[in-house]
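Tertiary structure, described
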Amino acid sequence: MARQAPAVVGLGQCAVDILGTLERYPAIDSKCELDAALIQGGGPVATALVTLARLGVASAFVGRIGSDDFGRRIRVGLTAEGVDCRHLLVDVGKKSQFSFIAVEQERGRRTIFCHRGSARPLTVNELPTEVICQSRLLHLDGTHLEAAIAASHLARRNGVVTVLDGGSWRPGLEELLPLVDHAVVSARFAAQLAPGEPISQALPLLLDYGCRAATVTNGEAGSYTLGADGLGFQQPAFAVQAVDTTGCGDVFHGGYLYGLFRDWSLRRTVRFAAACAALKTRALGGRTAIPNSDEVERLLAAENSQ
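Residues numbered from 1 in each chain as written. Predicted model: local features only at pLDDT ≥ 70, side-chain atom pairs only at ≥ 80, totals over all residues. Heavy atoms only, no water.

Here we look at helix α4 (residues 145–157)
Given a rise of 1.5 Å per residue, 13 residues ought to cover 18 Å, and the 18 Å separating the end C-alpha atoms of α4 matches this to within 8%. Buried residues of α4: A147, A148, I149, A151, S152, L154 and A155, and no others. Residues of α4 that are buried make contact with β1 (8–11), α3 (129–133), β8 (137–140), β9 (161–166) and α5 (173–176). (Helix = DSSP H or I, 4+ residues; strand = E, 2+ residues; numbered from the N terminus. Expected span 1.5 Å × (residues − 1). Buried < 20%, exposed > 50% of the residue type's maximum accessible area, 1.4 Å probe, protein only. Contact = heavy atoms within 4.5 Å.)

What to know about the sheet that holds β1
Two pairing modes exist for strands in a sheet, parallel and antiparallel, and in both the strands are linked by backbone hydrogen bonds. Taken in spatial order, the nine strands line up as β5-β4-β1-β8-β9-β10-β11-β12-β13 in an open sheet, and their pairing is mixed. Sheet topology places β5 (84–91) and β13 (232–235) at the edges, where each strand pairs with a single neighbour. The mean inter-strand angle of the sheet, taken between neighbouring strand axes irrespective of direction, is 15 degrees. Contacts between α4 and the sheet are confined to β1, β8 and β9, with β8 contributing the most and set at about 160 degrees to the helix. Seen against the sheet, helix α9 (residues 266–280) touches β11 (213–217), β12 (223–227) and β13 and runs at an angle of roughly 20 degrees to β13. (Pairing = 2+ DSSP bridges. Axes fitted to C-alpha atoms, helices over the stretch in contact; angles between N-to-C directions.)

So, the side chain of H144
Looking at the secondary structure, you find H144 in the loop between β8 and α4. For H144, the contacting residues outside a window of four places in its chain are L11, G12, G63, R64, R120, P121 and L122.

This is how it looks when you write it as structure tokens:
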């Protein structure tokens, strides 16, 4: 059976997440037992592509892992979800990225300890140019910056829409942002871009870089969106009993990419993305409870009927 050409190419981080739940975060120099534990793939772009796979959209991941056990786990996890990993390169003798995540049971809040690993950033010459040119969407997180900028130039020349997951401001993003069509950033990113201002004030600044649309996500407070056409709105978060909020932003991006893939309006796209993120919180882990399209549509229908 022929492999389906990827509609979305993701270039960025992939990792292993080691998660544990506890009643409350412990004091320094103390010991506590974890009530549950899980080892699972993670990373902003990687988890967004897993979301697309659950929604039925073919994607390909571009990045680099080490030759360690974590690297093998990363590849196996993505491949099992149906993400094309032919362009996930291996840096022999290097370490892959991983995180330890402590999740508080009562509210699902988490604290993340991250080790970036030692695998080298991708170079421009390692980009799968044909795959990028034949895709519809290019998803980035600001890592592998030199390669990301080159890939974005390539996307722009070939009519491929670019989306940025801005978790935090990184040096060099001012060169990447003018090549981004949709910037979907965290409240932390917004505060770094517009210090001392309400996070929504980051939206016009992102549009000034040339983005067609900008969104700031803010957890339980929902999100704020502004389009280049002047359309602005707030999307409330869906009310759910959260078990774990790990990966909510990544899944939001996956839902957002799905809306772009379906050529939906900006408002419908953001609402769908918010529903995806809410449903993800139902279980421990960034990927465990990522929904399929039927689950998302049921939540949206239920909200419409209230």
